[in-house]
Amino acid sequence: MLTISQLAATAGVTVRTVRHYHHVGLLPEPERDASGYRRYSAQMAVDLIRIRTLADAGVPLARIDALLHAQPTEFASAIIDIDAELQNKINQLIEYRRRIGELDSGEKLVLPAAVVAILNRMRGLGISEQRVLLERDSWILMQALDPGAMPQRIREKNAGLDDPETTRLYIACDQSVDWDPNDPRLDQLIDDLDAWEIAHERGAGQPGLLKLVVSRISDASPAWQRIVDALTHRAKQRQNATGGSHRAAVE
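Computed from a prediction, not measured in an experiment: that's the story for all the values here. Residue numbers restart at each chain and count upward from 1, following the sequence in its written direction. Restriction of local features to residues with pLDDT of at least 70 applies here, the model being predicted, together with a cutoff of 80 or more for giving and counting side-chain atom pairs; totals for whole chains, interfaces and linings are based on all residues. Hydrogens and water are ignored here; the side-chain numbers use all heavy atoms of the structure.

Asks: Is there a simple way to think about the overall build of the protein chain in this case?
Replies: Helix and strand content of the protein chain: 13 helices and zero strands. When the helices and strands of the protein chain are placed in sequence order, the string is α-α-α-α-α-α-α-α-α-α-α-α-α. Relative accessibility thresholds used throughout: buried, under 20% of the residue-type maximum; exposed, over 50%; partly exposed, between the two (1.4 Å probe, protein chains only). Within the span of the protein chain, comprising 251 residues, buried residues form 33% of the whole. Only the protein chains shown count as covering a residue, and every accessible area follows the Shrake-Rupley method with a 1.4 Å probe. Of the roughly 15,300 Å² that the protein chain leaves accessible, carbon and sulfur atoms contribute 55%. Each helix corresponds to a stretch of at least 4 residues labelled H or I by DSSP, and each strand to a stretch of at least 2 residues labelled E; elements are numbered beginning at the N terminus.

Next up, the structure:
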């Protein structure tokens, strides 16, 4: 027979915990013996270990009380259910850990893996993190406003990164972000970008480099804004010239 201190030590709990289980009716409190001590049987030690194990697993005390009075087959079935619940919690915690581990690169939480791969390709090319983050924000906006366009845009973006000239212009635009808008180097860059635009205009439906490089984010850089304005102006001039030629031919 065990004293309450010995019982608590056997189960790995405190005497106060044993007394709490007495108070809520989970563990019967034995009568005192002739010497005035309460003595606990080996079965009580087993029951206390069961109570502690189930409580540590998050099982409510009311359910523990029912399990302690259940038939062996019913108890075994309940243990299987509790184990399944614990496994679900473990799976949730594993997922939480994975997501917490990705908090340092938030795009993984909100963007498809294919888009994250594009952002990493840009980093691998040496494109600045500022430019990559602006790109990321554009993808987040697109996913929210026009999710149906995402697959085609992903294909176009990868095709652009596969093309050496397009990649060269991406990097050149990235390097120009802090240039003064009157920097003469922008003149050559605008000419190169315009040549790219002309070369790709024959492909119906293809986005120009204007969109590939600086669309929506040109206000982040005065130099980029000059690029956008210049390319837009040249494109309108070509469109007007084409329209004028067409009208002259009709007349």
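Asks: Any chance you could explain the nonpolar core here in plain terms?
Replies: Nonpolar side chains tend to gather and get buried jointly when the protein is soluble and globular. One finds L7, V18, L27, L48, I51 and I64 to be the most contacted residues of the largest nonpolar core, which totals 22 residues. A total of five residues in this core trace back to one element, the largest contributor, which is helix α3 (residues 42-56). Leaving out residues up to four positions away in the same chain, V18 has contacts with I4, L7, A8, V13, L27, Y40 and L48. Listed in part, the 16 residues of the second largest apolar core include C173, L189, A223 and I227. To qualify as a nonpolar core, a set must consist of buried Ala, Val, Leu, Ile, Met, Phe, Trp, Tyr and Cys residues joined through side-chain atoms within 4.5 Å. Contacts between residues were defined by any pair of non-hydrogen atoms, one from each residue, lying within 4.5 Å.

Asks: Please explain the packing of aromatic side chains as it appears in this structure.
Replies: The geometry of an aromatic ring pair is captured by two quantities: the separation of the ring centres and the angle between the planes. Stacked, edge-to-face and tilted labels apply to pairs of Phe, Tyr and Trp rings (six-membered ring for Trp) whose centres lie within 6.5 Å, assigned for plane angles under 30 degrees, over 60, and everything in between, in that order. With the rule as written, the count across this model stands at zero aromatic pairs. Between R50 and the ring centre of F75, over which it is positioned, the NZ or CZ distance is 4.9 Å. Whether a charge lies above a ring is judged from NZ of Lys or CZ of Arg, which has to be within 6 Å of the ring centre and within 35 degrees of the ring normal.

Asks: When you look at a nonpolar patch on the surface in this model, what are you seeing that I'm missing?
Replies: Patch membership needs two things, relative accessible area over 30% and no salt bridge, and members are linked within 9 Å if like-charged or within 5 Å if nonpolar (Val, Leu, Ile, Met, Phe, Trp, Tyr). When a carboxyl oxygen of Asp or Glu lies within 4 Å of a side-chain nitrogen of Lys or Arg, that pair is called a salt bridge. A contiguous nonpolar surface patch, about 350 Å² in accessible area, is contributed by L93, Y96 and I100. As for its placement among the helices and strands, I100 is situated in helix α5 (residues 72-101). Among the residues examined, I100 registers a relative accessible area of 58% and is labelled exposed.

Asks: Mind showing me how you'd approach the pattern of salt bridges here?
Replies: Pairs can form between side chains of opposite charge once their charged atoms are near each other. Throughout the structure, instances matching the rule amount to 16 salt bridges. The partner of R63 in a salt bridge is E85, and the shortest N-O contact between them spans 3.6 Å. Pair noted here: R63 is in helix α4 (residues 61-68) and E85 is in helix α5, with a separation of 22 residues, a long-range link. Exposure remark for R63: the relative accessible area of 29% places this residue in the partly exposed category. We note a salt bridge from E129 to R123, for which the minimum N-O separation is 3.0 Å. By relative accessible area, R123 is classed as partly exposed at 26%.

Asks: Would you mind going over α4 with me for this structure?
Replies: Because an α-helix completes one turn every 3.6 residues, residues spaced three or four positions apart along the sequence face the same direction. Those residues of α4 that fall on the buried side of the exposure criterion are I64, L67 and L68. The buried residues of α4 all sit within an arc of 95 degrees when viewed along its axis, so they share a single face. Here, the arc refers to the directions that run from the helix axis to the C-beta atoms.

Asks: It is not clear to me how the packing of helix α1 (residues 4-11) against helix α2 (residues 15-24) should be interpreted in this structure. Could you clarify?
Replies: What describes two packed helices is the angle between their axes and the distance between those same axes. Interaxial distance between α1 and α2 falls to 8 Å at its minimum, and their mutual angle equals 100 degrees. Taken together, α1 and α2 sit at an angle that is classed as roughly perpendicular. Counted together, I4, S5, L7 and A8 of α1 and V15, V18 and R19 of α2 form the full contact between these two elements. The residue makeup of the contact of α1 with α2, split by class, is five nonpolar, one polar and one charged. A fitted line through C-alpha atoms represents every axis, and for helices the fit uses only the stretch in contact; the resulting angles, taken between N-to-C directions, go from 0 to 180 degrees. Each angle gets one of four labels, with under 35 degrees taken as roughly parallel, over 145 as roughly antiparallel, 65 to 115 as roughly perpendicular, and the rest as oblique. Classes in brief: Ala, Val, Leu, Ile, Met, Phe, Trp, Tyr, Cys and Pro nonpolar; Asp, Glu, Lys and Arg charged; the others, Gly included, polar.

Asks: Looking at this structure, I do not really get the environment of I154. What am I missing?
Replies: With respect to the element layout, I154 can be found in helix α9 (residues 150-162). As a C-alpha pair, I154 and W139 span 15 residues in sequence and 9.6 Å in three-dimensional space. What I154 contacts, discounting residues up to four positions off in sequence, is A114, V115, I118 and W139.

Asks: How should the side chain of T166 be read in this particular structure?
Replies: As for its position among the elements, T166 is in helix α10 (residues 164-175). On the basis of relative accessible area, T166 is assigned to the buried category, the value being 1%. At a separation of 2.6 Å, a polar atom in the side chain of T166 contacts the side chain of D163. What qualifies as a polar contact is a pair of N or O atoms within 3.5 Å, subject to a donor-acceptor requirement within protein and to the restriction that residues adjacent in sequence count only when both atoms come from side chains.

Without other data, these values stay purely geometric and don't point to any function.
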